[in-house]
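Here are the chains, one letter per residue:
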Amino acid sequence: MVDSTVVIKTRKFIKNPLLARRQMIVDVIHPGRPNVPKKELQEVIGGMYKGDPKLTMVFGFRTKFGGGKSTGFCVIYDNEDSCRKFEPKHRLVRNGFQTKVERSRKAMKEAKNKGLKVRGTGASISKHKAKRAAKNE
């Protein structure tokens, strides 16, 4: 029952010119395997749609009960600039476009509380200053 063949099907394919990307739902049938690595999926789906595997983002995969099938989401960006502009920071870190900024939990909470103390029009300015102070710590 150890069969390494994997079938990848896409559905609900949409071209999204406003975000400069193509997006789709991906169904992966993988009998005999617990799941398929995202790097492997990026390369295969990037090849299927003639896109750069580096600009192919796969996420949100859930394995069906009983195993053998997973469903997730895929986004293929047209260029790196739009990828950096529209993709969430945690996914950019995950795919190697950015490095993770290590901040202490205490510093983040202090910055939040410092911003809460100011009321009125100065609130947004003080939040910005507090965020910069937490970043520098």
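Scroll up to find the structure.
Residues numbered from 1 in each chain as written. Predicted model: local features only at pLDDT ≥ 70, side-chain atom pairs only at ≥ 80, totals over all residues. Heavy atoms only, no water.

**Q** How do you make sense of unusual backbone geometry when you look at a structure like this?
**A** Phi at Lys12 is positive, roughly 55°, even though this residue is not glycine. Relative to the helices and strands, Lys12 is located in strand β1 (residues 7-16). Accessibility expressed as a relative area gives 60% for Lys12, which makes it exposed. Of note in this structure, Ala20 is not a glycine but carries a positive phi near 55°. Looking at the element boundaries, Ala20 is found in the loop between β1 and β2 (21-29). Under the relative-accessibility criterion, Ala20 is labelled buried at 16%. (Helix = DSSP H or I, 4+ residues; strand = E, 2+ residues; numbered from the N terminus. Buried < 20%, exposed > 50% of the residue type's maximum accessible area, 1.4 Å probe, protein only.)

**Q** I would appreciate a short explanation of the pattern of salt bridges in the present structure.
**A** When the charged atoms of two side chains with opposite charge come close together, those side chains can pair. Enumeration according to the criterion identifies 5 salt bridges in this entry. With its nearest N and O atoms 2.7 Å apart, the salt bridge here joins Asp27 to Arg11. Separated by 16 residues along the polypeptide, Asp27 in strand β2 and Arg11 in strand β1 bring together distant segments of the chain. Put simply, Glu80 and Arg84 hold a salt bridge, and the shortest N to O gap is 3.1 Å. (Salt bridge = Lys/Arg side-chain N within 4 Å of Asp/Glu carboxyl O.)

**Q** So what exactly am I meant to see when it comes to the nonpolar core here?
**A** Taken as a class, soluble globular proteins show a tendency for nonpolar side chains to be buried jointly. Ile8, Met24, Val26, Val28, Val36, Leu41, Ile45, Tyr49, Val58, Phe61, Cys74 and Ile76 form the largest nonpolar core, which has 12 residues in total. Those elements that place two or more of their residues in this core are β2, α1 (38-48), β3 (56-63) and β4 (69-77). In terms of residue count, β2 provides more of this core than any other element does, 3 residues in total. Non-local contacts of Phe61, meaning those with residues more than four positions away in its chain, are made with Val26, Val28, Leu41, Ser70, Thr71, Gly72 and Phe73. Formed by 8 residues, the second largest nonpolar core is a distinct cluster that contains Leu55, Phe59, Val75 and Leu92. (Core = buried A, V, L, I, M, F, W, Y, C linked by side-chain atoms within 4.5 Å. Contact = heavy atoms within 4.5 Å.)

**Q** Quick question: what am I supposed to make of the packing of aromatic side chains here?
**A** Aromatic ring pairs: the centre-centre distance and the angle between the two ring planes describe each pair. Enumeration over the complete set of coordinates arrives at 2 aromatic pairs. Measuring from ring centre to ring centre gives 5.1 Å for Phe13 and Tyr49, while their planes differ by 0°; the resulting arrangement is stacked. With Phe13 in strand β1 and Tyr49 in the loop between α1 and β3, the pair connects residues that are 36 residues apart, well separated along the chain. Ring plane angle 55° and centroid distance 5.5 Å describe the contact between Phe59 and Phe73, whose orientation is recorded as tilted. Note that Phe59 is positioned in strand β3 and Phe73 in strand β4, a separation of 14 residues in sequence. When the ring centre of Phe59 is taken as reference, the NZ or CZ atom of Arg91 above it lies at 3.6 Å. (Phe/Tyr/Trp six-rings, centres within 6.5 Å; stacked < 30°, edge-to-face > 60°. Lys NZ or Arg CZ within 6 Å of the ring centre and 35° of its normal.)

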